[in-house]
Every structure is written in structure tokens, then in C-alpha cells.
Amino acid sequence: MIEIKLYGTIMDNDSADIMRWWGWMDVCCPADITAKLAEAKPDEEVTLYINSRGGMLVAGYDMYCELRMYKGKKTAHVMSTAMSAATIPMMACEKRISEPISLLCIHNPRSSLWSEESETFKKKAEELDNVKISTLNAYESVLKISREEISALMDKDIIIDTGKAMEYGLIDEIAATDNVLVASVGDYMFPSQKMREVYAARKDADENNRKTLELEKLRFEILKK
């Protein structure tokens with residue numbers, strides 16, 4: 001099985017190459033997916049692990065197309081976050097899994113524009129409307145809700161939990177809680193329930209080992225006498 005990690009900000013290939021040269025490794029690009037798929041045997045299964053708040057939408061489209069063209073089975077696995085452009089490659093996967101703690105978000109296309117001409121703003125607004133149509137095409141092929149409902153959800157621009165993501169059809173399976181290793185809230189990381197259980201079991205084991213060692217020391221002292 002081929003594993004592809006879509007972690008960090010989604011960028012075009014050239015921008016990602018430059019950022020990595022400068023030491024910024026928390027980025028991903030279409031070339032990452034192309035390179036990994038090139039390693040795959042014919043029809044080999046691919047798992048796309050996602051932990052990204054999004055980035056460049058067009059680069060997300062490129063990733064989507066690369067995955068769509070691949071003939072093998074494709075699974076998307078959301079690790080912590082899949083937002084904005086990071087949700088587009090998911091739509092090219094036959095199966096979409098999410099960790100119980102994951103957060104997802106879809107929203108309308110955005111653009112940064114500096115101009116003093118009203119006509120430029122009008123053209124950009126029309127362009128963004130057209131981009132939204134293309135994005136809706138990707139979501140509509142997968143989601144369980146209507147095109148109008150998808151559009152309304154994009155208008156809201158809100159983060160949703162895995163339960164709602166499953167209800168809408170963004171994902172079709174929530175990973176078993178035993179697989180949860182760490183929970184994230186905003187920019188902070190906290191121990192998950194699984195981590196707490198393992199920690200408690202280890203503490204109990206350490207305490208039992210300590211008591212056993214003390215008994216052995218006591219027995220040794222008695223034998224010396």
C-alpha cells in the first residue's frame with residue numbers, strides 16, 4: 001500500500017520547493033502526490049493521510065485530478081484537520097475515514113485583490129462565482145446533501161465535527177477510538193482518553209514493580225541476618 005501525507009499548507013509545486021529550501025517543511029504540493037503515485041504498482045491501494053487547513057485551491061484541484069486518474073483504490077484518512085482546499089483531494093477517494101477528534105470545513109473560494117478599479121472587483125467576483133461552481137461539482141459527486149445545501153454550507157464557512165461530516169457525506173467512516181493517540185484543540189495538543197489509559201496502566205505496572213523490588217530487598221536483608 002502506498003501512503004501519501006498531505007500535511008501543512010497546500011501550495012503549487014514551485015512555491016513548495018522554495019519554502020522547503022528555506023527550511024519551511026510544513027507544506028505539501030501536487031508533485032508530492034505525483035511522485036508517490038509513480039511508485040505504486042498497478043492498481044496498488046493508496047491511503048491519503050490529511051492534516052491540513054488548506055491553502056491554494058488550484059493546487060487542491062491538481063491533487064484531485066492526479067488522484068482521480070489513478071486506477072487503484074484510494075482512501076482518504078483525516079488525521080486532525082481537513083479544511084478548505086484540503087477537502088478537495090478527498091473527493092477523489094472512494095473511501096473517506098476520519099479520526100473522531102478531527103475538524104473539517106468547506107467554504108466559498110477566496111482571493112486577495114489590490115485594485116482601485118471597480119471593474120476589476122466585478123470581474124473577480126464573477127470569477128469566484130465560477131470557481132465555486134467547479135468546487136460544487138467536486139463536492140456534489142460525493143456528498144449526501146443537495147447542491148443547494150452544499151452551497152449553503154460553504155456560505156456558512158463553519159468548522160464541523162466528524163458527526164456532521166459523516167451526516168453530510170464528507171466522510172463515510174469514523175475511525176475506532178482505540179486508534180486515537182492525541183487530541184487537538186486550536187493550536188494546543190492534549191492527551192486523548194487512550195493515552196490516559198495507557199499512562200494509568202503503566203503507572204500501575206511501575207508501582208507493582210516497585211513493591212516487588214522492595215519485597216525482594218526485604219527478603220535479602222532477612223536472609224543476611
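Conventions adopted
Residues numbered from 1 in each chain as written. Predicted model: local features only at pLDDT ≥ 70, side-chain atom pairs only at ≥ 80, totals over all residues. Heavy atoms only, no water. 1 Å grid on protein atoms, 1.4 Å probe; cavity = no way out; pocket = protein on both sides within 12 Å on 5 of 7 lines; lining within 4 Å. Points joined across faces, edges and corners; volume = space filled by probe spheres on them. Helix = DSSP H or I, 4+ residues; strand = E, 2+ residues; numbered from the N terminus. Phe/Tyr/Trp six-rings, centres within 6.5 Å; stacked < 30°, edge-to-face > 60°. Buried < 20%, exposed > 50% of the residue type's maximum accessible area, 1.4 Å probe, protein only. Expected span 1.5 Å × (residues − 1). Axes fitted to C-alpha atoms, helices over the stretch in contact; angles between N-to-C directions. Parallel < 35°, antiparallel > 145°, perpendicular 65-115°, else oblique. Left-handed = near helix turned anticlockwise from the far one by under 90°. Contact = heavy atoms within 4.5 Å. Nonpolar A, V, L, I, M, F, W, Y, C, P; charged D, E, K, R; others polar. Patch = residues over 30% accessible without salt bridge, like charges linked within 9 Å, V, L, I, M, F, W, Y side chains within 5 Å. Areas by Shrake-Rupley, 256 points an atom, 1.4 Å probe, with all protein chains shown as cover. Salt bridge = Lys/Arg side-chain N within 4 Å of Asp/Glu carboxyl O.

A. Main features of the layout of surface pockets. The volume enclosed by the second largest pocket comes to roughly 320 Å³. Every residue lining the second largest pocket is counted, 17 residues in all, and those nearest its centre are Gly55, Leu57, Pro109, Arg110 and Val131. Looking at the lining of the second largest pocket, the elements that each hand over two or more residues are helix 3 (57-69) and helix 4 (118-140).

B. Spotlight on the packing of aromatic side chains. In this structure the tally under the stated criterion is one aromatic pair. Ring centres of tryptophan 21 and tryptophan 22 lie 5.1 Å apart, and the angle between their planes is 85°; this geometry places the pair in the edge-to-face category. Neither residue differs from the other here; tryptophan 21 and tryptophan 22 are each classed as exposed.

C. Region of interest: unusual backbone geometry. Unlike most non-glycine residues, aspartate 43 shows phi in positive territory, near 65°. You can see aspartate 43 is positioned in the loop between helix 2 (30-39) and strand 4 (46-52). Using a relative accessible area of 55% as the deciding quantity, one classes aspartate 43 as exposed. The phi dihedral of aspartate 157 is positive, around 55°, even though this residue is not glycine.

D. Here's a closer look at helix 4. The end-to-end C-alpha separation of helix 4 is 33 Å, in line with the 33 Å expected for 23 residues at 1.5 Å each. Every buried residue of helix 4 is listed here: Lys132, Thr135, Leu136, Ala138 and Tyr139.

E. The packing of helix 2 against helix 3, seen in detail. For the pair helix 2 and helix 3, the least separation of the axes is 8 Å and the interaxial angle reads 15°. Between helix 2 and helix 3, the crossing angle belongs to the class labelled roughly parallel. Crossing hand, helix 2 versus helix 3: right-handed. The residues of helix 3 that touch helix 2, namely those facing Pro30, Ile33, Thr34 and Leu37, are Ala59, Asp62, Met63, Glu66 and Leu67. The class makeup of the residues in the contact of helix 2 with helix 3 is six nonpolar, one polar and two charged.

F. Layout of a nonpolar patch on the surface. On the surface, a nonpolar cluster with roughly 470 Å² of combined accessible area is contributed by Ile18, Trp21 and Trp22. Mapped onto the elements, tryptophan 22 comes out in the loop between helix 1 (13-21) and strand 3 (27-28).

G. Summary view of the pattern of salt bridges. Under the counting rule described, the total for this entry stands at ten salt bridges. A salt bridge links glutamate 39 to lysine 36; its shortest N-O distance comes to 3.9 Å. With a gap of three residues between them, glutamate 39 and lysine 36 both fall in helix 2, about one helical turn apart.

H. Main features of the packing of helix 3 against helix 4. Remark: helix 3 packs on helix 4, axes separated minimally by 12 Å, with the N-to-C direction vectors making an angle of 35°. Crossing of helix 3 against helix 4: the hand is left-handed. Where helix 3 approaches helix 4, its residues Leu57, Tyr61 and Tyr64 are matched on the opposing element by Val131, Ser134, Thr135 and Ala138. Its residues placed into classes, the contact of helix 3 with helix 4 shows five nonpolar, two polar and no charged.

I. Geometry of the environment of alanine 16. Tracing the chain through its elements places alanine 16 in helix 1. A sequence separation of eleven residues divides alanine 16 from valine 27, and the C-alpha atoms of the two residues are 6.2 Å apart. Discounting residues that sit within four places of it in the chain, alanine 16 has contacts with Met11, Val27 and Cys29.

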